[in-house]
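Coordinate inspection notes
The lines below spell out each chain.
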Amino acid sequence: MDTFQLQSSAEAAAQGVGADALGNLYVVGRARVPSGKGAKATFYNHWIVRKSANGGGSWSTVDTYQLSASGNSQATSFVADSKGNLYVAGRYNTTDWGPNSWIVRENPGGTGSWSTVDNYQYVSGGDTQPLAMAANASGNVFVAGVGSSSSGSHWLVRKK
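A brief structural summary. Just so we're clear, the structure is a prediction, and the values are computed from it rather than from any experiment.

With twelve residues, the main nonpolar core is built from Y26, V28, W47, V49, Y65, A75, F78, L86, V88, Y92, I103 and W114. Listed by contribution, the elements that provide at least two residues to this core are β2 (25-35), β3 (42-52), β5 (72-80) and β6 (86-93). If you look at the next biggest cluster of nonpolar residues, it comprises ten residues, including V79, Y120, M133 and V143.

In space, the four strands of this open sheet follow the order β5-β6-β7-β8, with antiparallel pairing throughout. Each edge of the sheet is formed by a strand with only one pairing partner; in this case those strands are β5 and β8 (115-120). The sheet shows a mean angle of 25 degrees between the axes of neighbouring strands, direction not considered.

Turning to the pairing of strand β7 (residues 101-107), a few remarks are in order. If a strand is regular, its side chains alternate between the two faces of the sheet. For β7, the buried fraction is high: seven of the seven residues fall into the buried class. Along β7, one buried face is formed by S101, I103, R105 and N107 and the opposite face, lined by W102, V104 and E106, is buried too. As paired strands, β6 and β7 are joined by seven bridges and run antiparallel to one another. Counterpart to Y87 in the pairing with β7 is E106. Relative to β8, β7 runs antiparallel, the two being bridged by five bridges. Paired with W102 across the two strands is Y120, which belongs to β8.

Next up on the list: the sheet that holds strand β11 (residues 152-159). In spatial order, the strands read β9-β10-β11; together these three strands make up an open sheet with antiparallel pairing. On the outer flanks of this sheet lie β9 (128-135) and β11, each paired with one strand and no other. Each adjacent strand pair in this sheet contributes to an overall mean axis angle of 20 degrees, direction not counted. In this sheet, strand β10 (residues 141-149) lies alongside β9 in antiparallel orientation, the contact comprising seven bridges. Paired with P130 across the bridge in β10 is G145.

Further remarks concern the packing of aromatic side chains. If you walk through the whole model with that rule in mind, you get three aromatic pairs. Aromatic pair W47 and Y65: ring centres 5.9 Å apart, planes at 80 degrees, arrangement edge-to-face. Linking W47 in strand β3 with Y65 in strand β4 (residues 60-65), this pair joins segments that are 18 residues apart in sequence. Considered together, W47 and Y65 belong to a single accessibility category, that of buried residues. With a centroid separation of 5.4 Å and 45 degrees between ring planes, the pair formed by W102 and Y120 is classed as tilted. Within this pair, whereas W102 is found in strand β7, its partner Y120 is found in strand β8, the two being separated by 18 residues in sequence. Taken individually, W102 and Y120 each receive the classification buried, so the pair is uniform in this respect. Between the NZ or CZ atom of R105 and the centre of the ring of Y65, over which it lies, the distance is 4.1 Å. A cation sits over an aromatic face here: R158 above Y120, 3.9 Å from the ring centre.

Rules used in this analysis
Residues numbered from 1 in each chain as written. Predicted model: local features only at pLDDT ≥ 70, side-chain atom pairs only at ≥ 80, totals over all residues. Heavy atoms only, no water. Core = buried A, V, L, I, M, F, W, Y, C linked by side-chain atoms within 4.5 Å. Buried < 20%, exposed > 50% of the residue type's maximum accessible area, 1.4 Å probe, protein only. Helix = DSSP H or I, 4+ residues; strand = E, 2+ residues; numbered from the N terminus. Pairing = 2+ DSSP bridges. Axes fitted to C-alpha atoms, helices over the stretch in contact; angles between N-to-C directions. Phe/Tyr/Trp six-rings, centres within 6.5 Å; stacked < 30°, edge-to-face > 60°. Lys NZ or Arg CZ within 6 Å of the ring centre and 35° of its normal.

What follows is the structure in structure tokens.
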């Protein structure tokens, strides 16, 4: 149904899929983009959200995001709430292989631009990653994941 690379010969990976109440399909993930040329090139992940309004017949990129030029951003999960708002959760780090923080981006009403509505780090210097999302009939959005600290990994749930 869809094959995608942000740049030719650069890796891309779908990491989550979902639909809204109108039947639009969304696939979220990452696409690697080189910075520099040849052997000195460094690759950074861009957050990607793609949409199909016709059952997968055609696709368009509706959000591409990278928090910093030398970091990695990747979307991992999608949910639509009962009010038609769209949410994507994922992770980023500001330095190559630094600890991850989680981020949630929203598209109010499913139209227009996306914006960051949650930027969360469990503890400074610790790894924090969202792993799943859900919405209830009241329009509440829940994000679940893991946060690491000096005492180990912790189960995390946050409500939007």
